[in-house]
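Below are the chains, spelled out letter by letter.
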Amino acid sequence: MMRYIFEEKNQIDIKETRGGLVLKHESFNPTHIFECGQCFNFNIEEDGSYTAVHLGRIINVLQKEDHVLIRNVSLDEFYEIFYDYFDLGTDYSEIKKDLSENEILKTASDYGYGIRILNQEMFETVISFIISANNGITRIKNSIKIISERYGNYIGEYMGRKYYAFPRPEVLAKVDPLELREFARVGFRDVRIVEASKMVADGYLDFDIDQTLSTEDLKEKLMQMPGIGPKVADCILLFTYHKRETFPVDVWIKRVMETLFIGHEVPKKLVDDYAREYFGNLAGYAQQYLFYYGREEKIGK
DNA sequence: ACTCAGGATGGTA
DNA sequence: TACCATCCTGAG
């Protein structure tokens, strides 16, 4: 496992220029990172760049010919906040190499080259994936946007658009579910969101303590919260708690696994067992490559 | 007009 | 323990 980890931050090639930060990296593709289904906090600009909000900062990322241009953050901010967010301490070329021993994963990881798993903020991830239950990406993003605009703090403007931070748990905990439903269009997820917010506001989750729990125990703990079942819990484990051996099974990844690996329809739990057995501690990465590849290419559909 | 979407929940067998 | 109908909403 250690061989996938870089130890020094200075191993990435990034320089400050007047146009922004120039990042030269063999495994970093903004489109694949933001469109592979792991996050909902970004906005696509006219020039093809992605603007995302993370921990109260607005960052813009644009793919150029031989580098990635990162705008609106200083080099210090980048190292301080976004190095971890973009998981830059992990060696994805090594992960791809290992996964590529399997032909299907070679195809999928070549297809989704430059995907990186974002290390996202806890509360925002919890609420975002509670909203994601039986929901579509467009509507999920829209709900989160409205919640931020209505209950979050104003951060600033970028490329003509105003941005707001995702609200703190204490704020969402006091919101009337009916109001949430009316404005954010979250439907039957309204009470789940407020109740889960109350638990987080009361300190039910603690990143450092939770981190010491086994993946299995932490999953059970997460599933005690309203709106969090097996799949949502897995997403939180993978995208917030760095539990990369997790393999969230949604309808897409289920179809992909049944079509490309298993050969016939099986219950979701079996897909999970199969994948975790097959991919081991790289299951989370494999899931992202397979999900992106499968959804874009409509595999099994 | 109509289906169904990146599941969770509560009830039933 | 394993299934199953039901749950808001609106994009396609």
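Thresholds, definitions, all that
Residues numbered from 1 in each chain as written. Chains lettered and ligands numbered in written order. Predicted model: local features only at pLDDT ≥ 70, side-chain atom pairs only at ≥ 80, totals over all residues. Heavy atoms only, no water. UniProt positions renumbered as here; feature names shortened; annotations may be inferred. Phe/Tyr/Trp six-rings, centres within 6.5 Å; stacked < 30°, edge-to-face > 60°. Lys NZ or Arg CZ within 6 Å of the ring centre and 35° of its normal. Near = heavy atom within 4 Å. Polar contact = N/O pair within 3.5 Å; in protein donor to acceptor, adjacent residues only side chain to side chain. Helix = DSSP H or I, 4+ residues; strand = E, 2+ residues; numbered from the N terminus. Nonpolar A, V, L, I, M, F, W, Y, C, P; charged D, E, K, R; others polar. Salt bridge = Lys/Arg side-chain N within 4 Å of Asp/Glu carboxyl O. Buried < 20%, exposed > 50% of the residue type's maximum accessible area, 1.4 Å probe, protein only. Contact = heavy atoms within 4.5 Å. Pairing = 2+ DSSP bridges.

Under the annotation held in an unreviewed UniProt entry, chain A carries the name DNA-(apurinic or apyrimidinic site) lyase and is attributed to Anaerococcus martiniensis. Listed in UniProt under the heading Catalytic activity (unreviewed entry), the comment for chain A reads: "2'-deoxyribonucleotide-(2'-deoxyribose 5'-phosphate)-2'-deoxyribonucleotide-DNA = a 3'-end 2'-deoxyribonucleotide-(2,3-dehydro-2,3-deoxyribose 5'-phosphate)-DNA + a 5'-end 5'-phospho-2'-deoxyribonucleoside-DNA + H(+)". You can read under Sequence similarities (unreviewed entry) in the UniProt record for chain A the words "Belongs to the type-1 OGG1 family."

(A) Quick peek at the packing of aromatic side chains. Counted according to the given criterion, the structure contains 23 aromatic pairs. By the ring-pair criterion, three or more aromatic residues cluster together here, those being F28, F34, F42, Y50, F82, Y85 and F86. A cation sits over an aromatic face here: R189 above F188, 4.2 Å from the ring centre.

(B) Just the protein's contact with DNA strand B, in detail. The local shell around DNA strand B holds 23 residues, among which G37, I137, G227, G229 and V232 are the closest. In the model, a phosphate oxygen of DNA strand B is placed 2.9 Å from a nitrogen or oxygen of the V232 main chain. The set of elements that each furnish at least two residues to the surface near DNA strand B consists of α6 (137-151), α12 (230-239), α13 (251-262) and α15 (283-296). When residues in the surface near DNA strand B are grouped by element, the largest group, three residues, is from α12. For the surface near DNA strand B, the per-class residue count stands at 12 nonpolar, six polar and five charged.

(C) Examining the pattern of salt bridges more closely. Taken as a whole and assessed by the stated rule, the structure comprises 16 salt bridges. Here K145 makes a salt bridge to E149, at a shortest N to O gap of 3.3 Å. Here K145 and its partner E149 are both found in helix α6, four residues apart, which amounts to about one turn of the helix. Taking the relative accessible area as the measure of exposure, K145 reaches 41% and is therefore partly exposed. E157 is the salt-bridge partner of K162, the closest N and O atoms lying 3.8 Å from each other. On the basis of relative accessible area, E157 is assigned to the partly exposed category, the value being 47%.

(D) View of the side chain of R71. Relative to the helices and strands, R71 resides in strand β6 (residues 68-71). Setting aside residues up to four positions removed in sequence, R71 forms contacts with G19, G20, D47, S49, I58, I59, N60, L62 and Y158.

(E) Spotlight on helix α3 (residues 92-99). Judged by how many residues are buried, α3 sits mostly within the fold: six of eight residues are covered. Residues of α3 that are buried in the fold lie against α4 (103-111), α14 (268-279) and α15.

(F) Seen up close, the pairing of β6. Burial along β6 is two-sided: the residues V68 and I70 and L69 and R71 are all buried. Sheet analysis places strand β2 (residues 20-24) next to β6, joined by three bridges and oriented antiparallel. Each bridged residue has a counterpart across the sheet, and for L23 the counterpart in β6 is V68. Looking at chain direction, strand β5 (residues 57-63) and β6 are connected through four bridges and run antiparallel. Note that in β6 the partner of V61 across the bridge is I70. The loop that links β5 with its antiparallel partner β6 comprises four residues.

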